[in-house]
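Secondary and tertiary structure notes
What follows is the residue order along each chain.
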Amino acid sequence: MNQKIERVIVEDVSKKFQIGFKKNQSVLACLTSLVSGIEPRRSIQVLKGVSFKIREGEMVGIIGENGSGKSTLLRAIAGIYNFKGKIITRGKIISLIGLDIGMQSRLTMKDNIYFCCTLFGLSIKEVSQRFNSIVEFSELREFVNTKVYQFSSGMLQRLAFSIAIHCNPEILLLDEVFEVGDEKFREKSTKKIKGLVKRGVTVLLASHNLKLIEDHCDQVILMERGSLVKIGNPREIINIYLKKEFK
Amino acid sequence: MNRTKNLWRLSFALAKTQFKLKNEGSYLGIFWYLLNPLLMFILLLLIFSDRLGSQIHFYPLYLLLGIIMFNFFQQATTESTKAIMGSYSPIIKSINFPKESLIISTILKNIYSHIFEIILFVILSLILGAPLTGLIFYPLILIFFCVFIFGCCLIFSALTVYFVDLDNIWNFLVRVIWFATPIFYDIGGQTKLFYLNLFNPVYYYITITRDLVIYTKIPELWLVIGAATYSLLFLVLGLLIFNRLKNKFAELI
């Protein structure tokens, strides 16, 4: 029997953010605080003992209200935030969080494709090989030499998504990526994601679009105030979420 | 090995991007980079060549080399204060990539413009009939100088995330260091200034370069040891501070 490997293992992960503390202090403020005393720091727990495992070829949705810790969890898995606990990832991670993949507004679409793919670890040769495919998928061929500050948010979404899926992801982290853009491209993108999942890519999708989650995810994680409430079948978890049974 | 390769590939891509963005819509391109040191050189030469420069052999070369080396140091360190907090800060919040590449790219971009300044120096040397053989040692000095600047940039870029006004403070301090460094004058018998410059790393690199490149003489051993020590010291300090603080960048920007 072919045993699927566990691509993401999250064990008792907790994360605190400091609040109240002015995060970017000036040197002068630090010197005056030596006399006046340091402002007391408060902290807020954004993740509390979160644990779960995801195998290869699984698509897992993350739902929860604003501030429940969805994005923080994805950032912790991507290695952007440090945390308490343990996260083991097996495979190349591509994170598409808030559509920001480093696009430079004053550069052309072509330059941005090369730049962003390099940021995701591709060589120039690899980008050249995938260039046409990225442009075709984004359906933005006629804007290849246009600077991206002239793009609409929908066009930026198409480009960002197209770049991300062409960078050999083994673990794809998506946060609110389908909130802009038209229905046709959303369908095309979800179809592409399903294709990637079939080939063994693990996808974590944080979204408020419950229909999208229900239709396409194998499992759903429900988050509430930094804690994992429940993980399981999409319909069951969405029902719990909608009826607010976890409150 | 793969990580190092990726770091360099990304650093070059970032440097290329920064360069494109800086030259956006500019028809004169690299000329703008040369304009600042060139104007400074002409101005200082006009003012000081008959006074401070009369005792210095090949004073125009002495002056130009001092200006372009300090300019390299000043540009790279000043830009590094905005490396993490600047236009790339949204990427730090959404993608996990080696942050050191932001610093290396700043240095690579400045090396590129520095090469054009060196070409300017070669042209002036040819005009003045100065020997050019010493130039073969310059790449070696440049490596040590870059290591020192890299260390400084790591420190400034990381600390600016915690202290937002550090870039303003550094802009002021770097001017003070400019006047304290013998760029347009010679230390000569000024003992106080000489002892002060023992704590100024830039003094070592500029003096060694002048000795080797302009006067084709072997620099004194204490200068070489000093330059190597400062390079190593700042590299270690920079890596220690940057690695200690970089995990918090995404939270603080």
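This write-up is about the structure you can find in this document. (Residues numbered from 1 in each chain as written. Chains lettered and ligands numbered in written order. Predicted model: local features only at pLDDT ≥ 70, side-chain atom pairs only at ≥ 80, totals over all residues.)

1. Regarding helix α1 (residues 2-22) of chain B
- Between its first and last C-alpha, α1(B) extends 30 Å over 21 residues, near the 30 Å set by a 1.5 Å rise per residue.
- Taken together, the buried positions of α1(B) are L10(B), S11(B), A13(B), L14(B), A15(B), T17(B) and Q18(B).
- Buried-residue contacts for α1(B) involve α3 (109-119) of chain A together with α5 (100-128) of chain B. (Helix = DSSP H or I, 4+ residues; strand = E, 2+ residues; numbered from the N terminus. Expected span 1.5 Å × (residues − 1). Buried ≥ 20, exposed ≤ 12 C-beta atoms within 10 Å, placed from the backbone. Contact = placed C-beta atoms within 7 Å.)

2. Comments concerning the interface of chain A and chain B
- In this complex, chain A contributes 29 residues to the contact, which on the side of chain B involves 25 residues.
- For the side of chain A that touches chain B, the secondary structure elements donating two or more residues are α1 (27-36), α2 (70-78), β5 (93-97) and α3 of chain A.
- Looking at the side of chain A that touches chain B element by element, the count peaks at four residues for α3(A).
- For the side of chain A that touches chain B, the residue count by class is 12 nonpolar, 12 polar and five charged. (Nonpolar A, V, L, I, M, F, W, Y, C, P; charged D, E, K, R; others polar.)

3. Details of the environment of I183(B)
All names here are of chain B.
- Along the chain, the position of I183 falls in the loop between α7 (166-180) and α8 (191-197).
- For I183, a count of 22 C-beta atoms within 10 Å gives the class buried.
- When the C-alpha atoms of I183 and L44 are compared, they prove to be 9.9 Å apart, with 139 residues separating the residues in sequence.
- Leaving out residues up to four positions away in the same chain, I183 has contacts with G66, I67, F70 and W178.

4. Overview of the pairing of strand β6 (residues 171-175) of chain A
Residues and elements named next belong to chain A.
- Most of β6 sits inside the fold, with five of its five residues counted as buried.
- Burial of the side chains of β6 extends over both faces: I171, L173 and D175 are buried on one face and L172 and L174 on the other.
- Where β5 and β6 come together, five bridges link them in parallel fashion. Within the sheet, the bridge partner assigned to I97 lies in β6 and is D175. (Pairing = 2+ DSSP bridges.)

Treat this as a map of the structure, not an account of what it does.
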